[in-house]
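# Coordinate inspection notes
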Amino acid sequence: MSRIPYRPVLLTGASGALGRQLARYLADLGWSLVLSDIAPFPDRLSPNSRFERVDLADGKAVLRLAEGCGAILHFGGVSVERPFDEILMPNIAGIHHIYEAARHEKARVIFASSNHAVGFHERSAKLDDDCQLLPDGYYGLSKAYGEMMGRMYWYKHGVENVNIRIGSSLEEPNNERMLSTYLSFADLCRLCECATLAERTESCVIWGASDNRRSFWGHDARARIGWQPQDSADDFAAQLVGAVSRDPVVERYQGGAFTVIDRTREDVPRPIFG
Ligand SMILES: NC(=O)c1ccc[n+]([C@@H]2O[C@H](COP(=O)([O-])OP(=O)(O)OC[C@H]3O[C@@H](n4cnc5c(N)ncnc54)[C@H](O)[C@@H]3O)[C@@H](O)[C@H]2O)c1
């Protein structure tokens, strides 16, 4: 039987696609959950869960929300590429409010970072967790900022954090790129369980991908939290090889379609990492 955290766990973004998966999985484990989002929670609440509608931009409300919690699974915020001023409050101010709350509660943060924090790496590169941050837009930049905030709060305040660079987490992969980036819901849920329960995490990065043979990613801190993916996109290879766009930039970089949103550069740059 799985262990149960001795303090409640706060889940932000609970009404979103991944939040709803996590809310159900963790409630089924018997965990006591504080669910939160700016949008109403669309599912039935389990007996050990309560829901509070909070805007991540409101620092005081986030401090109150986190009271008594031992871990914060931070999945809330803008989850696609948007103009800077739409990202600023939910993601950039939002992660600061989350870390201030975690410092206050001596809680651990598990942050839904993204492959878009490193999206301008070539697809031919195999990246380790200490690779250069190379965001492919304002959204990816907010995730890179969130990861750096985690490092700062660990070194300065001792707030532990696990930064999950999520690839593509959805029901099934649906193009060739996702044969590399796919993360099944079940692997994500187990990853968040391990990250919350691990004895000690310090500040670390985990690639959020299933056991995909074509993965872009290598070493990370998974051994520290005792997580191994059990699913794989490989079973979908026969139907997805060749499911690509016609855009050479999209197909060149790990971040795929996000790399061309609002792009104004006219040439295709030379590889900068060999
Ligand atoms: N799904 C993926 O493949 C994937 C990949 C990489 C990273 N991520 C990250 O994982 C997290 C969850 O992703 P998702 O696919 O469930 O996205 P989603 O958009 O479905 O969920 C995000 C949730 O955040 C909430 N939110 C937005 N602004 C808010 C605010 N100001 N205050 C409070 N809540 C706010 C939204 O209402 C939404 O329910 C996001 O942080 C996303 O960036 C997801």
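This text gives an overview of the structure that appears in the document. (Residues numbered from 1 in each chain as written. Predicted model: local features only at pLDDT ≥ 70, side-chain atom pairs only at ≥ 80, totals over all residues. Heavy atoms only, no water.)

## Considerations on the environment of Cys131
Tracing the sequence through the fold places Cys131 in the loop between strand 5 (108–114) and helix 4 (138–157). The exposure class of Cys131 is buried, given its relative accessible area of 15%. Each C-alpha atom, one on Cys131 and one on Trp217, is 10.0 Å from the other, the two residues being 86 residues apart in sequence. Those residues in contact with Cys131 that lie beyond four places of it in its chain are Val118, His121, Arg165 and Trp207. (Helix = DSSP H or I, 4+ residues; strand = E, 2+ residues; numbered from the N terminus. Buried < 20%, exposed > 50% of the residue type's maximum accessible area, 1.4 Å probe, protein only. Contact = heavy atoms within 4.5 Å.)

## Overview of the nonpolar core
If you look at the biggest cluster of nonpolar residues, it comprises 35 residues, and the most contacted ones within it are Leu11, Leu73, Phe75, Ile166 and Ile225. At eight residues, helix 6 (residues 185–197) tops the list of elements feeding residues into this core. Dropping the residues within four chain positions of it, Ile166 is found in contact with Leu18, Phe75, Ala112, Ser113, Ser114, Asn115, Leu183, Leu188 and Gly208. Formed by 21 residues, the second largest nonpolar core is a distinct cluster that contains Leu65, Ala102, Ala107 and Met149. (Core = buried A, V, L, I, M, F, W, Y, C linked by side-chain atoms within 4.5 Å.)

## Some details on a nonpolar patch on the surface
Taken together, Phe84, Leu88, Met89, Tyr138 and Leu141 make up a surface patch of nonpolar side chains, about 430 Å² in accessible area. Counting residues per element, the ones that place at least two in the nonpolar patch are helix 3 (84–105) and helix 4. Top element by residues in the nonpolar patch is helix 3. It accounts for three residues. In this structure, Phe84 sits in helix 3. (Patch = residues over 30% accessible without salt bridge, like charges linked within 9 Å, V, L, I, M, F, W, Y side chains within 5 Å. Areas by Shrake-Rupley, 256 points an atom, 1.4 Å probe, with all protein chains shown as cover. Salt bridge = Lys/Arg side-chain N within 4 Å of Asp/Glu carboxyl O.)

## Topic: the sheet that holds strand 2 (residues 33–37)
Taken in spatial order, the seven strands line up as 3-2-1-4-5-6-7 in an open sheet, and their pairing is parallel. Of all strands in the sheet, those with a lone pairing partner are strand 3 (49–53) and strand 7 (203–208), marking the two edges. Within the sheet, the average angular offset between the axes of one strand and its neighbour, ignoring direction, is 20°. In terms of strand pairing, strand 1 (residues 9–12) meets strand 4 (residues 71–74) through four bridges, oriented parallel. The residue bridging Thr12 from the neighbouring strand is His74, located in strand 4. The strands touched by helix 6 within the sheet are strand 1, strand 4, strand 5, strand 6 (161–166) and strand 7, with strand 5 carrying the most contacts at an inclination of about 145°. (Pairing = 2+ DSSP bridges. Axes fitted to C-alpha atoms, helices over the stretch in contact; angles between N-to-C directions.)

## Thoughts on the packing of helix 1 (residues 17–28) against helix 6
Between helix 1 and helix 6, whose axes approach to 10 Å, the crossing angle comes to 60°. Regarding helix 1 and helix 6, the two cross each other, and that crossing is right-handed. Along its contact with helix 1, which presents Leu18, Gln21, Leu22 and Tyr25, the element helix 6 presents Phe185, Leu188, Cys189, Arg190, Cys192 and Glu193. (Left-handed = near helix turned anticlockwise from the far one by under 90°.)

## Describing the site of the ligand
Taken together, 25 residues sit near the ligand, with Leu18, Asp37, Ser79, Tyr139 and Ser169 positioned nearest. Asp37 is positioned such that a nitrogen or oxygen atom in its side chain is 2.6 Å from an oxygen atom of the ligand. Between the ligand and Ser169, the relevant distance is 2.7 Å, taken from an oxygen atom to a main-chain nitrogen or oxygen of the residue. Taken by itself the ligand offers 820 Å² of open surface, and the protein chains cover 83% of this. Of all the secondary-structure elements, those providing two or more residues to the shell around the ligand are helix 1, strand 5 and helix 4. Among the elements that take part in the shell around the ligand, strand 5 stands out by supplying three residues, more than any other. Split into classes, the residues belonging to the shell around the ligand amount to eleven nonpolar, eleven polar and three charged. (Near = heavy atom within 4 Å. Polar contact = N/O pair within 3.5 Å; in protein donor to acceptor, adjacent residues only side chain to side chain. Nonpolar A, V, L, I, M, F, W, Y, C, P; charged D, E, K, R; others polar.)

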